[in-house]
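Analysis of the macromolecular model
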Amino acid sequence: MAEGRGVAAEACVGQVVLPGDVLLLPTQPDEERLRLGASGAPRGRLLCGPGLRRCGAGLLVTKCGLLRHRQAGSGSTAGGAYWVDSQQKRYVPVKGDHVIGIVTAKAGDVFKLDVGGSEQASLSYLAFEGATKRNRPNVQVGDLIYGQLLVANKDMEPEMVCIDSSGRSAGMGIIGQDGFLFKVSLSLIRKLLTPKCEIIEELSQLYPFELVLGMNGRIWVKAKTIQQTLILVNILEACEYMTAEQRKQALARLSGN
């Protein structure tokens, strides 16, 4: 796509971009600089999301997919966020992500967890709410742990914790033994994690259930019965390929039974 210096990013929104493409940004004042991250940026700052990297005065595409753009808040003409919406399933650990890990081994005072990345993550037994040397958490190999990545970079193994900055669990910890764990694409996870997601709201009207979403593409769901759990799993897996109208028709048929 890119020829010469590149193409305008605004013109490529909703279109397929390829690795190596250069996207040019609108001219901004010198104090407006690109900020990497997903939250906490001042109004008017531009966010660079997954699949993009800063390249001079523009953005360099690193993943194949559809270019997306979110406008900045009201009262700001500049800013917003650009990212590439791809069907990637391999997870690359990112600091601050909430993920679902599978305990694979105990190594002294540290648990090893599979979070879907190239290396296993480490989790200290003290990284639980109320944990002490005498009061250790009852964690066994094969357990599912929902936690947050405290350290994640290419030169160190990921480090996971199950407490926030104030020492509270905040919903993190060992996930129940029952339920069903399955994996979906990272783009579907981001869609389900959006505020007031239509898919989650529609499913909540069908059956009461418990749901845990990990940024590493893993979903844990538990309903009242095994049959209801499997129905929810099939719907969540199919949501990635169904339109909103098709999803509503499928839910209407299930609610009528």
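Structural data are supplied above this passage.
Here we summarise the structure given alongside this text. Source: prediction; values computed, not measured.

Between side chains of opposite charge, pairing is possible as soon as their charged atoms come close. All chains considered together, the criterion is met by seven salt bridges. Across the pair Glu 129 and Arg 168 runs a salt bridge, and its minimum N-O distance is 3.3 Å. Of the two residues, Glu 129 is situated in the loop between strand 12 (121–124) and strand 13 (144–153) and Arg 168 in the loop between strand 14 (156–161) and strand 15 (173–174); the sequence distance between them amounts to 39 residues. Linked by salt bridges that have partners in common, Glu 198, Glu 202 and Arg 247 make up one network.

Here the focus is the pairing of strand 18 (residues 218–223). Most of strand 18 sits inside the fold, with five of its six residues counted as buried. For strand 17 (residues 209–213) and strand 18, the ladder comprises five bridges, and the chain directions are antiparallel. Note that in strand 18 the partner of Leu 213 across the bridge is Ile 219. Taken together, strand 17 and the strand that follows it, strand 18, pair antiparallel across an intervening segment of four residues, in which Gly 217 is found at a positive phi of about 90°.

The subject of this paragraph is the environment of Leu 24. Examined against the element boundaries, Leu 24 turns out to sit in strand 3 (residues 22–24). Each C-alpha atom, one on Leu 24 and one on Gly 6, is 6.2 Å from the other, the two residues being 18 residues apart in sequence.

Attention now moves to a nonpolar patch on the surface. Taken together, the side chains of Phe 180, Ile 226 and Leu 230 make up a nonpolar region of the molecular surface, amounting to roughly 290 Å² of accessible area. Relative to the elements of secondary structure, Ile 226 occurs in helix 4 (residues 226–238).

For sheets, the rule is that strands pair by backbone hydrogen bonds, running either parallel or antiparallel. Taken in spatial order, the three strands make up an open sheet running 16-18-17, and their pairing is antiparallel. The strands lining the two open edges of the sheet, one partner per strand, are strand 16 (180–183) and strand 17. On average, each strand axis in the sheet is inclined to that of its neighbour by 20°, with strand direction left out of account. This element, helix 4, spans strand 16, strand 17 and strand 18 of the sheet and lies at about 145° to strand 18.

Here we take up the nonpolar core. Residues Phe 111, Leu 113, Leu 123, Phe 128, Ile 145, Met 160 and Ile 175 are the most contacted members of the largest nonpolar core, which totals 26 residues. When residues of this core are assigned to their parent elements, the largest contribution, four residues, is made by strand 13. When residues of this core are assigned to domains, at least three fall in each of domain 2 (97–174) and domain 3 (180–255). Those residues in contact with Phe 111 that sit more than four places away from it in its chain are Ala 105, Lys 106, Ala 121, Ser 122, Leu 123, Tyr 125, Phe 128 and Val 139. Core analysis: the next-biggest nonpolar cluster, separate from the first, contains 21 residues, Leu 188, Ile 199, Ile 231 and Leu 236 among them.

Thresholds applied
Residues numbered from 1 in each chain as written. Predicted model: local features only at pLDDT ≥ 70, side-chain atom pairs only at ≥ 80, totals over all residues. Heavy atoms only, no water. Salt bridge = Lys/Arg side-chain N within 4 Å of Asp/Glu carboxyl O. Helix = DSSP H or I, 4+ residues; strand = E, 2+ residues; numbered from the N terminus. Buried < 20%, exposed > 50% of the residue type's maximum accessible area, 1.4 Å probe, protein only. Pairing = 2+ DSSP bridges. Patch = residues over 30% accessible without salt bridge, like charges linked within 9 Å, V, L, I, M, F, W, Y side chains within 5 Å. Areas by Shrake-Rupley, 256 points an atom, 1.4 Å probe, with all protein chains shown as cover. Axes fitted to C-alpha atoms, helices over the stretch in contact; angles between N-to-C directions. Contact = heavy atoms within 4.5 Å. Core = buried A, V, L, I, M, F, W, Y, C linked by side-chain atoms within 4.5 Å. Domains from an automatic or database assignment.

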